[in-house]
Amino acid sequence: MALAKTDPIIIVGAGVFGLSTALHLGRRGYTDVTIFDSQPYDKTLYSYFEGCDAASADMNKIIRAGYGKDTVYQDLTLESVAGWTAWNDELHAGKTVPPGMTKTDSVWVNNTAISMTDADTLPNFELDSIESMPAGTMLVSTDAKDCATAKAKGFNMEQFARQTPGKPNVFVLDTTGGFACADKACRFALHKARSYGVKTVFGPVAGKIVDLVYKPGTGDVTGITTADGKTHLAVLTVMACGGWTPTLVPSLDGLNETTAGSVALLKIPRSSPYWDKLAPENFPTFMHKLRDGEPGGLYGFPRHESGWFKIGYRGTKYTNPQVQKDGKERSVPVTRWTEGDKITSIPATALRVIQKFLDEYLPGLGASGIHISKTRICWYNDSFDNHLTIDHVPNAAGLMVATSGSGHAFKYLPSLGNWVVDIIEGVGLDRPAVKAWKWRSLGAAKPFNVIMAGSKGPRALQNVPLVPETSMHAKL
Ligand SMILES: Cc1cc2nc3c(=O)[nH]c(=O)nc-3n(C[C@H](O)[C@H](O)[C@H](O)COP(=O)(O)OP(=O)(O)OC[C@H]3O[C@@H](n4cnc5c(N)ncnc54)[C@H](O)[C@@H]3O)c2cc1C
């Protein structure tokens, strides 16, 4: 379907997929683009302390380009890193400064990203990344020459003081990596989209889509209905609703499923020596045994400017299957926060793995009375093969999805939408990335992610013990 630049386009969801798509549509001359979102982002500013429960609403997200042999995502990341740097330049020069932000803010920090193992050698995935990445970008902690290079560049290779107690200190440091300042980056992208004329309807009533509007007697989509009962017509509707997409577009059954990651936060007092030790200028973004399943799957960040030190666990991704209107079970996001002083909101396994890491790698925190004091579960949208899904929905003219970011799509915010607009326009459809993102079914292949195991499945939150009633600062 060829779109005219003046045709009305609706994007549902103002997370990274929706924002980036809207921004690039606007930049490429589309004049009637509207984003709907049930979150009042102009008020809450993408802060999850203000109730935002989108995956994109966060304080920080990892940027790292090493993807093993998978150069599709490596190249997309390197393209995005150039975009992140251009955005920082725009912000620092005062050219694009969203309301409430200043020229001293950044949307990303190139503090490097390390991927660690507790074994004596690097896993094959990391060895493949070293081979695939541009020469000189990946430094290995066990290579004397790389350590000398790191020292010359001012990178700390003993961040966790592992060598002092004689423990393995094996990791690869991606010099192109770091972290996105997630909430500020979303505000920047939103501001930039608006500067290109993109309109927004935000809030739990006017911004919340409750239904798609169909052309009578067909599956073709002509717009949306929002919770205030209004109908909004469009030539193209793009569903970019993160973890909510599979329930809003049920034909994604078997291709996508919503799963949960677990997050723990420790507040570092300004008076603590850890304030400086864990600061972005001294401490990298880190991943620990990221692909090792239940006992691994950890990642974390330098201390945030607010003092929060965040560690996430995705060794097991949990589900929340619930029976839907059509009688079928689908996993739906249920955001669980710390309630009062109880850190009972995440699965016990997640908290145990995180606490074990802290005890072994940063024992000084607990010893100085700094403990986990907040937790959260946060919703991904996974596909069975771990690829994004960006395509027209079959048998539903006028409807597209842009989703399945799983645990890695934030980093593509600056450039992702450019690809989405290409797909809308039917340009470059034979590129490997675009082919990987097409609407697809599993067939006889072995899934990368086992999805839709239902409420009897081992990862369903119904079947998983949460952290028992325990007060803040309790140590497992
Ligand atoms: C715990 C966790 C850690 C992650 N860590 C990283 C990382 O370190 N690096 C990285 O690159 N990526 C990371 N990711 C992945 C990244 O955050 C996601 O891939 C990305 O943010 C998904 O963006 P999205 O736009 O698809 O969804 P979301 O950000 O979830 O946005 C969806 C939007 O749709 C809106 N919406 C939903 N339903 C409706 C409705 N009915 N009407 C209107 N609006 C609606 C929501 O309010 C929301 O704003 C992580 C994800 C999680 C969950």
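Further up the page is the structure itself.
Residues numbered from 1 in each chain as written. Predicted model: local features only at pLDDT ≥ 70, side-chain atom pairs only at ≥ 80, totals over all residues. Heavy atoms only, no water.

Participant: Give a description of the sheet that holds strand 5 (residues 113-117) that names residues and reports values.
Facilitator: Strand order in the open sheet made by the 8 strands is 6-7-5-15-16-17-14-20, with mixed pairing throughout. The open sheet has two free edges, formed respectively by strand 6 (138-140) and strand 20 (372-383), since each of these has just one partner strand. Across this sheet, the average inter-strand angle for adjacent strands is 20 degrees, counted without regard to direction. Here strand 14 (residues 256-267) runs beside strand 17 (residues 308-318); their pairing, made up of 7 bridges, is antiparallel. For A260, the partnering residue across the bridge sits in strand 17 and is Y318. In the packing of helix 4 (residues 124-132) onto the sheet, contacts are made with strand 5, strand 6 and strand 7 (170-174), and the angle to strand 6 comes to roughly 135 degrees. (Pairing = 2+ DSSP bridges. Helix = DSSP H or I, 4+ residues; strand = E, 2+ residues; numbered from the N terminus. Axes fitted to C-alpha atoms, helices over the stretch in contact; angles between N-to-C directions. Contact = heavy atoms within 4.5 Å.)

Participant: Can you tell me about the site of the ligand, naming the residues and giving the values?
Facilitator: Lining the immediate environment of the ligand, one finds 33 residues, of which D37, Y41, S56, I62 and K411 sit closest. The backbone of F17 places a nitrogen or oxygen atom 3.1 Å from an oxygen atom of the ligand. Surface burial for the ligand is 96%, taken as the share of its 1,000 Å² of free accessible area covered by protein chains. Breaking the shell around the ligand down by element, the ones donating at least two residues are helix 1 (16-27), strand 3 (61-63) and strand 20. For the shell around the ligand, the element with the highest residue contribution is strand 20, accounting for 3 residues. Of the residues that constitute the shell around the ligand, the class distribution is 18 nonpolar, 11 polar and 4 charged. (Near = heavy atom within 4 Å. Polar contact = N/O pair within 3.5 Å; in protein donor to acceptor, adjacent residues only side chain to side chain. Areas by Shrake-Rupley, 256 points an atom, 1.4 Å probe, with all protein chains shown as cover. Nonpolar A, V, L, I, M, F, W, Y, C, P; charged D, E, K, R; others polar.)

Participant: How would you sum up the sheet that holds strand 3? Please name residues and give values.
Facilitator: Spatially, 3-8-4 is the arrangement adopted by the 3 strands of the open sheet, whose pairing is antiparallel. Looking at which strands have only one partner, the edges of the open sheet turn out to be strand 3 and strand 4 (108-109).

Participant: Account for the layout of surface pockets, with residues named and values stated.
Facilitator: Its boundaries defined by the atoms lining it, the second largest pocket holds a volume of some 760 Å³. What lines the second largest pocket is a set of 27 residues, and nearest its centre among them are R314, K317, N386, F448 and N449. Considering each element in turn, the lining of the second largest pocket owes the most residues, 4 residues, to strand 17. In terms of residue class, the lining of the second largest pocket is built from 7 nonpolar, 11 polar and 9 charged. Residues from two domains meet in the lining of the second largest pocket; each of domain 1 (9-59 + 181-255 + 384-436) and domain 2 (113-178 + 259-382) gives at least three. (1 Å grid on protein atoms, 1.4 Å probe; cavity = no way out; pocket = protein on both sides within 12 Å on 5 of 7 lines; lining within 4 Å. Points joined across faces, edges and corners; volume = space filled by probe spheres on them. Domains from an automatic or database assignment.)

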